[in-house]
Amino acid sequence: MSAHVVWELEPGPRWMRRVRLFIGPIAAVVVSALLWPASPTTPARFVAVAGPAMVMAGSWRLIAQIASQVKRFDEAREQTTELAHRIDSRLVHSTLKNPSRAIIDELALIPDPDLREGVRRLCYGIGGFAQSLALGRTRDLRSAEEVLQALLSYNPDWSARYGASVTHDLEPEDLTHRDAGIVFMAVSDLVTNAALRSATQLEIALTSAPTADGSMVKLRVLCRCGARIGEVVPTSSLMGLARLVHAENGTMTIDDAGDGSHVFQLTWPSSSRPRTRAAAAPKESINA
Amino acid sequence: MPDPVNIDLTARVAAEERARRADLAPGERGIDILVIDDQPDHEAGWFARHLPSHRRLSLESVTELERFLAGKRLPNLPQPPYRPELAILDLSLGAGQRDGLQALHILRCGPATRDLPAILNTNGLEDHRDLLAVLAAQLNGGAIPVARKTSTDGPSVRDHARRIAHANDADLSWPLAKAVPGLLHVQEVFWHGGDKATPVSLLAYLLDLPWKRTYWKEMARHRNHQDAAFEARKRHGTLALSTDREIPEPGERKTAQNHARFVANQFGPLAVAWDLAGGHLHRLGGGLSLIAAQQEEGFPEFSGNRSAHLVAFATRYGPVLADPFVQSLPDHPVRPRPQRLRP
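Residues numbered from 1 in each chain as written. Chains lettered and ligands numbered in written order. Predicted model: local features only at pLDDT ≥ 70, side-chain atom pairs only at ≥ 80, totals over all residues.

(A) Representation of the overall build of chain A within the structure. Summing up its helical and strand segments, chain A has eight helices and five strands in all. Start at the N end of chain A and walk to the C end: the helices and strands fall as α-α-α-α-α-α-β-α-β-β-α-β-β. The globule rule puts the C-alpha radius of gyration for 288 residues at 19 Å, and the 30 Å found for chain A is more than 25% above it. Overall, chain A is about 105 × 45 × 30 Å in size when its C-alpha atoms are taken along their principal axes. A total of 288 residues make up chain A; the buried ones form 32% of that total. Expressed as a percentage of contacts within chain A between residues at least 6 apart in sequence, the contacts between residues at least 24 apart total 70%. (Helix = DSSP H or I, 4+ residues; strand = E, 2+ residues; numbered from the N terminus. Rg over C-alpha atoms; globule rule 2.2 N^0.38 Å. Buried ≥ 20, exposed ≤ 12 C-beta atoms within 10 Å, placed from the backbone. Contact = placed C-beta atoms within 7 Å.)

(B) Inspection of the sheet that holds strand S3 (residues 55–59) of chain B at higher detail. Residue and element names in this part refer to chain B. Here we have six strands laid out as an open sheet, ordered S3-S2-S4-S5-S6-S7, and mixed in their pairing. The open sheet is flanked by S3 and strand S7 (184–187), the only strands paired with a single partner. The mean angle between the axes of side-by-side strands here comes to 30 degrees, regardless of whether they run parallel or antiparallel. Those strands touched by helix H4 (residues 100–109) are strand S2 (32–36), strand S4 (84–90) and strand S5 (118–122), and its axis lies near 155 degrees from that of S4. Running at roughly 150 degrees to S4, helix H6 (residues 154–169) makes contact with S2, S4, S5 and strand S6 (143–148) of the sheet. (Pairing = 2+ DSSP bridges. Axes fitted to C-alpha atoms, helices over the stretch in contact; angles between N-to-C directions.)

(C) The interface of chain B and chain A, seen in detail. In this assembly, 32 residues from chain B lie in contact with 37 residues from chain A. At the level of secondary structure, the elements contributing two or more residues to the side of chain B that touches chain A comprise strand S1 (5–8), helix H1 (9–22) and S3 of chain B. With five residues, the single largest contributor to the side of chain B that touches chain A is H1(B). The class makeup of the residues in the side of chain B that touches chain A is 15 nonpolar, seven polar and ten charged. Taken together, the four bridges between strand S4 (residues 251–256) of chain A and S1(B) define a ladder with antiparallel strand orientation. Each bridged residue has a counterpart across the sheet, and for A:Ile254 the counterpart in S1(B) is B:Ile7. (Nonpolar A, V, L, I, M, F, W, Y, C, P; charged D, E, K, R; others polar.)

(D) The arrangement of the nonpolar core in detail. The biggest cluster of nonpolar side chains holds 61 residues, and the ones touching the most others in it are B:Ile33, B:Val35, B:Ile36, B:Leu89, B:Leu104, B:Ala136 and B:Ile144. The biggest single contributor to this core is helix H15 (residues 306–321) of chain B, with seven residues. When residues are assigned to domains, this core turns out to be shared by domain 1 (10–187) and domain 2 (190–331) of chain B, each giving three or more. Grouped together as the second largest cluster of nonpolar side chains are 50 residues, A:Tyr124, A:Ala144, A:Ala199 and A:Met252 included. (Core = buried A, V, L, I, M, F, W, Y, C linked by C-beta atoms within 7 Å. Domains from an automatic or database assignment.)

(E) Quick peek at the sheet that holds S1(B). The sheet built from six strands is open, its strands ordered S1(A)-S2(A)-S3(A)-S5(A)-S4(A)-S1(B) with mixed pairing. Two strands bound the open sheet, and with one partner strand each, they are strand S1 (164–168) of chain A together with S1 of chain B. In this sheet, neighbouring strand axes are inclined to one another by 15 degrees on average, regardless of whether the strands run parallel or antiparallel. Docked against the sheet, helix H7 (residues 177–196) of chain A engages S1, strand S2 (201–211), strand S3 (214–224) and strand S5 (261–270) of chain A, running at close to 10 degrees with respect to S3(A). Sitting on the sheet, H1(B) touches S4 of chain A together with S1 of chain B, and the angle it makes with S4(A) is about 135 degrees.

(F) View of unusual backbone geometry. Cis peptide bonds are those with omega within 30 degrees of zero, and the linkage from B:Pro80 to B:Pro81 qualifies with 10 degrees. By the element assignment, B:Pro81 lies in the loop between helix H3 (62–69) and S4. Of note, the phi angle at A:Asn249 is positive, near 65 degrees, even though the residue is not glycine. In the Ramachandran plot, B:Asp171 falls in the positive-phi region, its phi being about 60 degrees despite a non-glycine side chain. Turning to its location among the elements, B:Asp171 is positioned in the loop between H6 and S7. Since 9 C-beta atoms lie within 10 Å of it, B:Asp171 is described here as exposed.

(G) Looking closely at the packing of helix H3 (residues 42–105) of chain A against helix H4 (residues 113–135) of chain A. All names here are of chain A. Between H3 and H4, the least distance of the axes is 9 Å, while the angle of their chain directions is 160 degrees. Between H3 and H4, the angle is such that the two are roughly antiparallel. By crossing handedness, the relation of H3 to H4 is classed as left-handed. For the pair formed by H3 and H4, the contact residues are His85, Asp88, Ser89, Val92, His93, Leu96, Lys97, Ser100, Ile103 and Ile104 on the first element and Val119, Arg120, Cys123, Ile126, Gly127, Phe129, Ala130, Leu133 and Ala134 on the second. When grouped by side-chain class, the residues that make up the contact of H3 with H4 number eleven nonpolar, five polar and three charged. (Parallel < 35°, antiparallel > 145°, perpendicular 65-115°, else oblique. Left-handed = near helix turned anticlockwise from the far one by under 90°.)

(H) The pairing of S5(A), seen in detail. Residue and element names in this part refer to chain A. Here S3 pairs with S5 via ten bridges, running antiparallel. Within S5, the position partnered with Arg220 by the bridge is Gln265. Both S4 and S5 contribute to a ladder of six bridges, which runs antiparallel. Looking across to S5, one finds that Ile254 is bridged to Phe264.

(I) Quick peek at H6(B). All names here are of chain B. The end-to-end C-alpha distance of H6 is 23 Å, a good match for the 22 Å that 16 residues give at a rise of 1.5 Å each. Buried within H6 we find Val157, His160 and Ala161. The arc that holds the buried residues of H6, viewed along the axis, is 100 degrees, so those residues lie on one side. Exposed and facing more than 90 degrees away from the buried side of H6 are Pro155 and Asp169. Looking at the buried residues of H6, the elements they touch are S2, helix H2 (46–50), S4, S5 and S6. Following H6 by one or two positions, Asp171 has its phi on the positive side, about 60 degrees. (Expected span 1.5 Å × (residues − 1). Arc of directions from axis to C-beta.)

(J) Representation of the environment of A:Ile103 in the model. All names here are of chain A. By the secondary structure assignment, Ile103 is in helix H3. Taking the C-alpha atoms as reference, Ile103 lies 18 Å from Ala195; in sequence the two are 92 residues apart. Look past the residues within four positions of Ile103 in its chain and what remains in contact with it is Val119 and Cys123.

Function-wise, these values are silent; they only describe arrangement.
Spelled out as structure tokens, the structure:
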């Protein structure tokens with residue numbers, strides 16, 4: 001019985017789980033084979049057959065009961081974990097998210113641009129943290145969709161007003177910390193700038209192409225705001241992003257089509273080969 | 001419709017970088033700095049702000065460090081050749097990842113990097129992190145500078161990089177135990193008490209016997225001093241007592257009845273000393289703190305309750321001391337070569 005419990009809790013190889021179903025029948029056949037020659041009368045033969053059969057049925061019943069109990073424990077554990085996540089999320093929402101929402105509304109009062117951007121990123125980080133807790137994630141924001149959702153949790157009207165969407169994305173689990181950091185900073189910066197310029201269309205595509213020693217990750221942000229890209233001054237956030245990817249041996253270009261739309265394209269090498277995400281994640285909100 | 005325009009910002013950044021390097025003061029030069037950090041350095045980042053004229057060899061994890069030291073190409077690094085003269089190691093490299101201490105251990109074990117000056121980079125030394133810093137000091141040959149990612153520590157690191165470059169230009173080894181002005185100087189702490197004739201390192205004292213390692217593991221697992229002390233005694237017999245005698249003395253037998261008190265007595269006033277130190281050994285400078293605590297008569301409140309202080313100590317530091325990497329350190333001490341002039 002202890003073996004069955006152990007196998008259920010720590011399943012081990014699949015073949016072992018299959019083999020254990022036959023332990024009972026094999027034991028029953030062995031016992032029958034031993035008892036049958038020594039059972040000349042009908043009652044004795046009945047015992048020789050029924051006894052092992054009961055052993056066999058009992059072992060199967062035992063396996064089923066243990067599996068059922070373990071399943072119930074798992075369900076209870078999942079419910080408890082989910083409840084804990086919900087409580088933590090509400091706690092973060094009330095203690096961090098609401099104050100950060102108030103700060104982000106008054107960002108213009110911070111005169112120093114570096115500090116202002118730092119505070120903005122901190123607020124978005126808090127939004128992402130609250131979102132991660134609500135969804136039960138145990139990691140930081142990774143993909144373009146996750147970062148965009150964190151931004152939209154502060155500005156829910158952006159999605160409708162500016163048509164912000166992610167057309168291509170990569171599996172968050174496949175991205176490295178470095179990739180995730182670049183995605184977070186680039187998406188939060190470009191989307192915020194686009195929204196401040198009242199863009200009417202905003203599309204984000206995060207893709208990758210395999211290379212010999214990893215992959216080349218490409219982040220493409222299409223912004224249609226009706227204006228042309230002016231002179232990019234050294235103190236601008238765009239130059240900041242260019243320095244960010246340059247430090248990782250990457251590149252950044254801006255294509256201004258001349259029709260009021262422009263495409264920001266950042267590429268950088270990654271040591272991993274992230275898979276393409278099959279479909280965009282549903283837009284889950286935690287603004288309750 | 002206006003003509004399309006393509007703006008290549010990368011070329012501008014490269015030109016900026018060239019200008020920065022050319023703008024160095026006479027006699028200065030930019031060096032390669034090995035940075036092990038799980039986060040990229042953004043525009044307002046610490047490295048870009050304080051070390052702009054140096055080349056950043058950015059590694060994300062200990063695994064990448066191993067690949068780098070093995071000579072494998074990392075796609076995010078600039079063009080070779082690489083000649084790192086300083087390493088800046090982030091203490092925390094992400095949940096579940098090997099941390100900056102293990103990166104330092106790898107550097108100190110490598111023949112090409114064992115004398116490479118290193119700085120531990122962190123946002124603060126809270127909770128058990130101070131003990132980790134002590135471990136880092138041991139790995140680094142007795143002391144290591146710790147730089148916080150702040151505007152106050154940035155200029156000190158910049159000056160440190162400049163001095164290292166000057167020393168290398170003069171073909172002098174940089175003494176790893178040398179304090180860096182303006183930065184926290186974390187020193188290895190020595191234990192002068194107990195039955196030790198000569199001072200031993202705190203880490204060695206905490207982990208030198210198998211029963212101690214068991215005790216930390218059990219404390220990390222159950223956080224119960226009674227159970228941990230019982231397990232340590234059960235698995236390792238009578239611990240340090242009666243190792244050379246078959247039958248314990250009556251006094252020892254009486255002492256052995258109380259496992260918890262026995263274990264606390266074995267550790268001596270260690271926890272008391274730690275409490276007096278406020279858990280911040282890097283502020284105390286060497287082993288004096290432990291001697292003072294052991295001989296100090298002015299703290300009677302600490303004298304009668306060793307178990308309580310050991311529990312507090314073990315609850316706080318048990319998870320660190322139970323870590324397999326930390327437990328293996330006393331068995332494989334890393335000591336850099338004695339400092340000497342290069343041939």
